[in-house]
Amino acid sequence: MNIFILAGGLMGAAGVGLSAYGAHAGGGTVTTAAHFLMFHAPLFVALGLAGSPDRIRAAGAALVALGLVLFCGDLLMRHFADARLFPMAAPAGGMAMIGGWLVIAGSGLLSRSA
């Protein structure tokens, strides 16, 4: 089982479902969460299709995934439960996503040529 392709597929499905909800129920934060899931789903599918990832790319993907859980989780909690996941969850998630993308970018500098 390729965990990256599974994660990307689940993110894509959740993004489409939340987009539909946002369009019909007018959920601003839900739509934002949906967009973030849709924007990042291809990253995970691409990492899965690229073959066995090195530890650096895997760490970057883990940071992006953690960031998505925090950021989207906080936005969805605000909408559905009228509460926050925890204080500063969304900004922490955003920083984790940025950090994860930078780690993935940096892995390109460190990759070995075949």
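This text goes with the structure placed above it.
These figures come from a predicted structure and were not determined experimentally.

*Asks:* Help me get a handle on the overall build of the chain, residues and values and all.
*Replies:* A count of helices and strands for the chain gives 4 helices and 0 strands. Reading the chain from its N end, one meets helices and strands in the order α-α-α-α. Principal axes of the C-alpha set define a box for the chain whose edges measure 50 × 25 × 20 Å. Taking all 114 residues of the chain together, 32% fall into the buried category.

*Asks:* Residue-level account of the side chain of His40, with values.
*Replies:* Inspection of the secondary structure assignment puts His40 in helix α2 (residues 28–49). Polar contacts involving the side chain of His40 include one to the side chain of Trp101, which spans 3.1 Å. Every residue in contact with His40, bar those within four places of it in the chain, is listed here: Met11, Val64, Leu68, Met97 and Trp101.

*Asks:* Could you give an account of the nonpolar core, naming the residues involved and the relevant values?
*Replies:* Within the largest apolar cluster, 20 residues are counted, with the highest numbers of intra-cluster contacts made by Phe44 and Leu68. For this core, the elements supplying multiple residues, two or more each, are α1 (3–25), α2, α3 (55–81) and α4 (89–110). With residues up to four places along the chain from it excluded, the contact list for Leu68 reads Met11, Phe36, His40, Phe44, Gly73 and Met97.

*Asks:* Account for α2, naming residues and giving values.
*Replies:* With 22 residues, α2 ought to run about 32 Å at 1.5 Å a step, and its terminal C-alpha atoms sit 33 Å apart, in line with that. Considering bend angle alone, the principal kink of α2 is centred on His40 and spans about 25 degrees; proline Pro42 follows within four residues of it. Turning to α2, its buried residues number three or more, namely Val30, Ala33, Ala34, Leu37, His40, Ala41, Leu43, Phe44, Leu47 and Gly48.

*Asks:* Please set out the pattern of salt bridges residue by residue, giving values where relevant.
*Replies:* What the rule picks out here adds up to 3 salt bridges. Arg57 is paired through a salt bridge with Asp54; the nearest N and O atoms lie 3.6 Å apart. What makes Asp54 partly exposed here is its relative accessible area of 28%. Where Arg78 meets Asp74, a salt bridge forms, and the shortest distance between an N and an O atom there is 2.7 Å. Taken together, the residues span about one helical turn, with Arg78 and Asp74 both in helix α3 at a distance of 4 residues. Here the salt bridges do not stand alone but share partners, grouping Asp74, Arg78 and Arg84 into one network.

Conventions used here
- Residues numbered from 1 in each chain as written.
- Predicted model: local features only at pLDDT ≥ 70, side-chain atom pairs only at ≥ 80, totals over all residues.
- Heavy atoms only, no water.
- Helix = DSSP H or I, 4+ residues; strand = E, 2+ residues; numbered from the N terminus.
- Buried < 20%, exposed > 50% of the residue type's maximum accessible area, 1.4 Å probe, protein only.
- Polar contact = N/O pair within 3.5 Å; in protein donor to acceptor, adjacent residues only side chain to side chain.
- Contact = heavy atoms within 4.5 Å.
- Core = buried A, V, L, I, M, F, W, Y, C linked by side-chain atoms within 4.5 Å.
- Expected span 1.5 Å × (residues − 1).
- Bend = angle between axes of the 7 residues up to and from the residue.
- Salt bridge = Lys/Arg side-chain N within 4 Å of Asp/Glu carboxyl O.

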